[in-house]
Amino acid sequence: MDTASALSTTYLSVQDMVQLVQRKGLPACIAGIARRIEADFLRWPEFDKTARVAAHSAHGVIELMPIADATQFAFKYVNGHPLNTRSGLPTVMAFGLLADVATGAPRLLSELTITTAIRTAAMSALAARVLARPGSRVMALIGNGAQSEFQALAFRDLVGIATLRLFDTDPLATAKLVANLAGQGLQLQVCASTAEAVRGADVVTTVTADKTQATILTPDMLAPGMHLNAVGGDCPGKTEMHRGVLEQAAVFVEFEPQSRIEGEIQQMPADFPVTEFWQVLAGRQPGRRSPQQVTVFDSVGFALEDYSALCFLQEAAAELGIGSTVDLVPQQADPKNLFGLATGAVPAASGARGLEGQHGGGQVFQGSAHRLEDGAAPAGARQAIALAA
Ligand SMILES: NC(=O)c1ccc[n+]([C@@H]2O[C@H](COP(=O)([O-])OP(=O)(O)OC[C@H]3O[C@@H](n4cnc5c(N)ncnc54)[C@H](O)[C@@H]3O)[C@@H](O)[C@H]2O)c1
């Protein structure tokens with residue numbers, strides 16, 4: 001690979017992601033990312049794993065989620081601010097990066113807000129496909145915000161859920177979900193409370209946002225054989241289950257050291273038994289032990305799911321010709337002469353993927369990005385070239 005190719009970084013903006021989802025189809029994206037997650041979880045020991053690094057504040061959390069195998073490194077930046085929606089901002093926002101381990105060069109910089117919703121739903125449904133009772137058809141969906149429709153479609157496609165029983169403390173959120181999922185082959189039943197929604201459900205997904213130790217589900221709501229997909233409790237001091245629910249269930253987690261800090265099991269003693277889900281996938285540990293057992297997937301979101309999603313996006317973007325290249329790191333004829341590049345004394349390396357052909361000077365990377373599809377500089381970049389000339 002030449003230097004320019006080795007250092008070129010593809011950029012996927014939110015609009016690129018919207019295009020990618022529309023051209024591939026959301027069900028295909030969910031299924032594709034679920035397949036990637038499954039394959040990557042099956043090679044779990046190959047990854048260098050750490051619990052994510054979190055910066056907590058009064059109203060939220062900002063987290064960095066790194067992971068690597070022998071060839072690729074990934075990280076995600078993600079926040080969780082449950083009060084944000086009151087001022088018109090999303091609760092969850094994310095972006096992330098994929099880099100070559102061999103050189104350290106960043107290869108993909110991507111939006112991950114939409115992607116997080118898809119990968120979380122794919123992960124939840126993958127876990128339920130393994131842990132829920134076969135033949136599960138009815139799911140209670142508690143919390144009908146940004147993540148909820150993605151969860152609904154993933155469970156329809158990967159688990160066979162046909163009926164959703166819906167509840168949110170904000171009726172407008174439920175009305176939005178009902179409008180969004182009309183005609184998607186799901187029977188939608190709006191309920192007046194969590195207790196009502198949970199009644200008769202085979203699966204219960206909780207995907208609420210509140211920075212508190214909530215008790216959305218209490219032991220009296222459980223029925224034998226239920227599978228609980230607990231998504232919204234993902235941070236210290238932010239849970240959704242009464243501890244009595246956990247005491248009655250078999251609990252499965254992503255990466256135990258992180259889940260002990262962030263998951264529903266933060267409420268439990270350090271030796272409370274849990275099983276890492278990859279062990280069930282790999283056939284090393286049993287999943288559900290009987291049709292009567294209550295199972296819990298205590299989801300917090302693990303870096304490997306984002307690694308899998310970024311790999312899926314990289315391949316899909318290349319296949320569809322979606323995205324731009326962005327000049328994130330310098331490309332130099334002499335990599336030791338960074339000073340020359342910074343001061344304009346030497347031009348960037350020939351063959352660098354940027355705007356050099358139209359510019360001709362040393363400050364090749366004035367432009368922000370150019371489209372992969374048409375190769376033309378965007379308006380902002382043309383303006384930068386004009387200013388620099
Ligand atoms: N586990 C993971 O991998 C993962 C990934 C992404 C997001 N999350 C978490 O999922 C949650 C939902 O995210 P989102 O982007 O959909 O947030 P959102 O703010 O868009 O939606 C949350 C919804 O929950 C509702 N809600 C709050 N308290 C409730 C209650 N007591 N009963 C019923 N409904 C209630 C709100 O009205 C809102 O409509 C957040 O807590 C987020 O941190 C987890």
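**A word on the packing of aromatic side chains**
So, step 1. Evaluation of the coordinates by the stated rule reveals nine aromatic pairs.
So, step 2. With 5.8 Å between their ring centres and 10° between their planes, W44 and W278 make a pair best called stacked. Taken together, the residues W44 in the loop between α3 (26-41) and β2 (48-49) and W278 in helix α10 (residues 277-281) connect sequence positions 234 residues apart.
So, step 3. Looking at W44, the relative accessible area reads 4%, which means it is buried.
So, step 4. Between Y77 and F95, the ring centres sit 5.0 Å apart and the planes meet at 20°, which makes this aromatic pair stacked. Pair noted here: Y77 is in strand β5 (residues 72-80) and F95 is in strand β6 (residues 94-100), with a separation of 18 residues, a long-range link.
So, step 5. Among the residues examined, F95 registers a relative accessible area of 36% and is labelled partly exposed.
So, step 6. Aromatic ring contacts, followed pair by pair, group F41, W44, F255, F277, W278, F297 and F302 into a single cluster.

**Re the pattern of salt bridges**
So, step 1. The tally for this structure, following the rule as stated, stands at 18 salt bridges.
So, step 2. One salt bridge in this structure joins R52 and E262, with 2.8 Å as the shortest N-O distance. Taken together, the residues span a long stretch of sequence, with R52 in the loop between β2 and β3 (53-56) and E262 in helix α9 (residues 256-262) at a distance of 210 residues. This pair shows no difference in class: R52 is buried, exactly as E262 is.
So, step 3. A salt bridge links K176 to E149, with the nearest nitrogen and oxygen atoms 3.0 Å apart.

**Details of the site of the ligand**
So, step 1. Neighbouring the ligand are 27 residues, the closest being T91, D168, T208, K238 and S299.
So, step 2. In this structure, D234 approaches the ligand through a side-chain N or O atom, which is 2.9 Å from an oxygen atom.
So, step 3. The contact in question runs from a nitrogen atom of the ligand to an N or O atom on the backbone of V300, over 3.5 Å.
So, step 4. Here the ligand loses 88% of its free accessible area of 870 Å² to cover by the protein chains.
So, step 5. Residue composition of the shell around the ligand, by class: 10 nonpolar, 12 polar and five charged.
So, step 6. Residue contributions to the shell around the ligand reach at least three from each of two domains, namely domain 1 (3-115 + 305-388) and domain 2 (131-301).

**Considering the pairing of β3**
So, step 1. Pairing of β3 with strand β4 (residues 61-68) involves four bridges; the strand directions are antiparallel. Following the sheet pairing, A54 is matched in β4 by E63.
So, step 2. Once β3 ends, the chain turns through four residues before running back antiparallel as β4.

**Brief notes about helix α6 (residues 171-181)**
So, step 1. Within α6, the full set of buried residues consists of A173, T174, L177 and L181. All buried residues of α6 project into a common sector of 100° when viewed along the axis, lining one side. Seen from the buried face of α6, the exposed residues on the opposite side, beyond 90 degrees, are P171, L172 and A179.
So, step 2. Packed against the buried residues of α6 are β8 (138-142), α5 (148-159), β9 (163-167) and β10 (187-190).
So, step 3. The N-terminus of α6 is capped by D170, whose side-chain oxygen sits 2.9 Å from the backbone nitrogen of L172.

**Things to note about helix α11 (residues 303-320)**
So, step 1. An ideal rise of 1.5 Å per residue puts 26 Å on 18 residues; α11 measures up with 26 Å between its terminal C-alpha atoms.
So, step 2. In terms of residue burial, α11 counts as a mostly covered element, since 14 of its 18 residues are buried.
So, step 3. Phi turns positive, to about 65°, at G321, one or two residues after α11.

**Topic: the confidence of the model for the protein**
So, step 1. Looking at the protein, the pLDDT average stands at 91 and 90% of residues meet or exceed 70.
So, step 2. The model gives residues 351-389 a pLDDT under 50, and that stretch makes 69 contacts with residues more than four places away or in other chains.

**Digging into the sheet that holds strand β15 (residues 249-253)**
So, step 1. Taken together, eight strands build an open sheet; the order of strands is β10-β9-β8-β11-β13-β17-β15-β16 and the sheet is parallel. Lying at the two open borders of the sheet, with one neighbouring strand each, are β10 and β16 (275-276).
So, step 2. Summarising the sheet, strand β13 (residues 227-230) and strand β17 (residues 294-298) pair through four bridges and their orientation is parallel. The residue of β17 that forms the bridge with H227 is T295.
So, step 3. Strand contacts of α5: β8, β9, β11 (203-206) and β13, with the helix running at about 170° to β8, the strand carrying the most contacts.
So, step 4. Each of β8, β9 and β10 touches α6; the most contacted strand, β9, lies at about 155° to it.

Cut-offs and rules
- Residues numbered from 1 in each chain as written.
- Predicted model: local features only at pLDDT ≥ 70, side-chain atom pairs only at ≥ 80, totals over all residues.
- Heavy atoms only, no water.
- Phe/Tyr/Trp six-rings, centres within 6.5 Å; stacked < 30°, edge-to-face > 60°.
- Helix = DSSP H or I, 4+ residues; strand = E, 2+ residues; numbered from the N terminus.
- Buried < 20%, exposed > 50% of the residue type's maximum accessible area, 1.4 Å probe, protein only.
- Salt bridge = Lys/Arg side-chain N within 4 Å of Asp/Glu carboxyl O.
- Near = heavy atom within 4 Å.
- Polar contact = N/O pair within 3.5 Å; in protein donor to acceptor, adjacent residues only side chain to side chain.
- Areas by Shrake-Rupley, 256 points an atom, 1.4 Å probe, with all protein chains shown as cover.
- Nonpolar A, V, L, I, M, F, W, Y, C, P; charged D, E, K, R; others polar.
- Domains from an automatic or database assignment.
- Pairing = 2+ DSSP bridges.
- Arc of directions from axis to C-beta.
- Contact = heavy atoms within 4.5 Å.
- Expected span 1.5 Å × (residues − 1).
- pLDDT = per-residue confidence, 0-100.
- Axes fitted to C-alpha atoms, helices over the stretch in contact; angles between N-to-C directions.

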